[in-house]
Amino acid sequence: MATVYLVRHGQASFGKANYDQLSPTGWEQGRSLGRWLAGKVVPDAIFGGNLERHRETVEAIATGFGARLPDMQVAPGFNEFDHTEVVTRFRPAWSDRAVMARDLQAFPKPARAFQEAFVQAVRRWASGEHDHEYGETWPDFKTRVLRAFDEMIEFADGGDVLVATSGGPISVICQQLLGLDDTRALALNEVIANTSVSRVLYSGPRRSLSVFNNYSHLEAEDPALVTFR
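Residues numbered from 1 in each chain as written. Predicted model: local features only at pLDDT ≥ 70, side-chain atom pairs only at ≥ 80, totals over all residues. Heavy atoms only, no water.

Any details on the sheet that holds strand 1 (residues 2-8)? Residues and values, ideally.
Taking strand neighbours across the sheet as the criterion, the six strands line up as 3-2-4-1-5-6 in an open arrangement whose pairing is mixed. Single-partner strands in this sheet number two, and they are strand 3 (72-74) and strand 6 (206-214). Averaged over all pairs of adjacent strands, the angle between their axes in this sheet comes to 25°, without regard to strand direction. Contacts between helix 2 (residues 52-65) and the sheet are confined to strand 1, strand 2 (45-48), strand 3 and strand 4 (161-165), with strand 4 contributing the most and set at about 130° to the helix. (Pairing = 2+ DSSP bridges. Helix = DSSP H or I, 4+ residues; strand = E, 2+ residues; numbered from the N terminus. Axes fitted to C-alpha atoms, helices over the stretch in contact; angles between N-to-C directions. Contact = heavy atoms within 4.5 Å.)

Describe helix 3 (residues 83-90), with residues and values.
Within helix 3, burial applies to Glu 85, Val 86, Val 87 and Thr 88. Looking at the buried residues of helix 3, the elements they touch are helix 5 (110-126). (Buried < 20%, exposed > 50% of the residue type's maximum accessible area, 1.4 Å probe, protein only.)

Outline the environment of Lys 40, supporting the account with residue identities and numerical values.
In this fold, Lys 40 is placed in the loop between helix 1 (24-37) and strand 2. The class of Lys 40 is exposed, set by a relative accessible area of 54%. Only 2.5 Å separates the side chain of Lys 40 from the backbone oxygen of Trp 36, close enough to count as a polar contact. (Polar contact = N/O pair within 3.5 Å; in protein donor to acceptor, adjacent residues only side chain to side chain.)

An account of the packing of helix 4 (residues 97-105) against helix 5 is requested, with residue identities and associated values reported.
Running from N to C, helix 4 and helix 5 point in directions that differ by 115°, and their axes come no closer than 8 Å. By the angle between their directions, the pair helix 4 and helix 5 is classed as roughly perpendicular. Like other packed secondary-structure pairs, helix 4 and helix 5 cross with a definite hand, here right-handed. On helix 5, the residues touching Met 100, Leu 104 and Gln 105 of helix 4 are Pro 110, Ala 113 and Phe 114. Partitioned by chemical class, the residues of the contact of helix 4 with helix 5 number five nonpolar, one polar and no charged. (Parallel < 35°, antiparallel > 145°, perpendicular 65-115°, else oblique. Left-handed = near helix turned anticlockwise from the far one by under 90°. Nonpolar A, V, L, I, M, F, W, Y, C, P; charged D, E, K, R; others polar.)

Set out below in structure tokens:
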């Protein structure tokens, strides 16, 4: 059976003007994964969304890998949902970044406070009770991701593929493979580590999740590299 390696992007730049670029930690996470893959995995193809953090994660992996990898093929279906819209629909005042920063600084751990708000915002979005407020609903997001996954496997034609994507798409793919409800799928999204690897085995129409959220490459090099946001 062939393998799809689903990789969540490296840590993005939370709190910076351009969230989409990798943080210094995110770059090192990607290089660490590349070093871990070297000598073990040589993908026949690489896919990713068209987000900057997806592209930079592949660049970091290639640097750590130390040998030429296939060029990344862009598949927008693997993009994350619009987290900015999801958050600001939950907390409209946070459309002003200065207000959001001020509110979060009132907490002893701003990043944790944001994460708690983010989880609530995602649950609101996925509830189906406010679909008219969003440019892309939760069902539409799932349909988009699963279509991209199907098209990627058809293109791969039995080869091993590495996909640089985000926590949301990985959760949706795992949801389908494991037959989970939405609540459990969203719970998966909360624990997917940056540059973790989830493996899907496939042969023709058969698909099975064999590994979920493996980030042992980070723990082996430096446990401080383990991040979830």
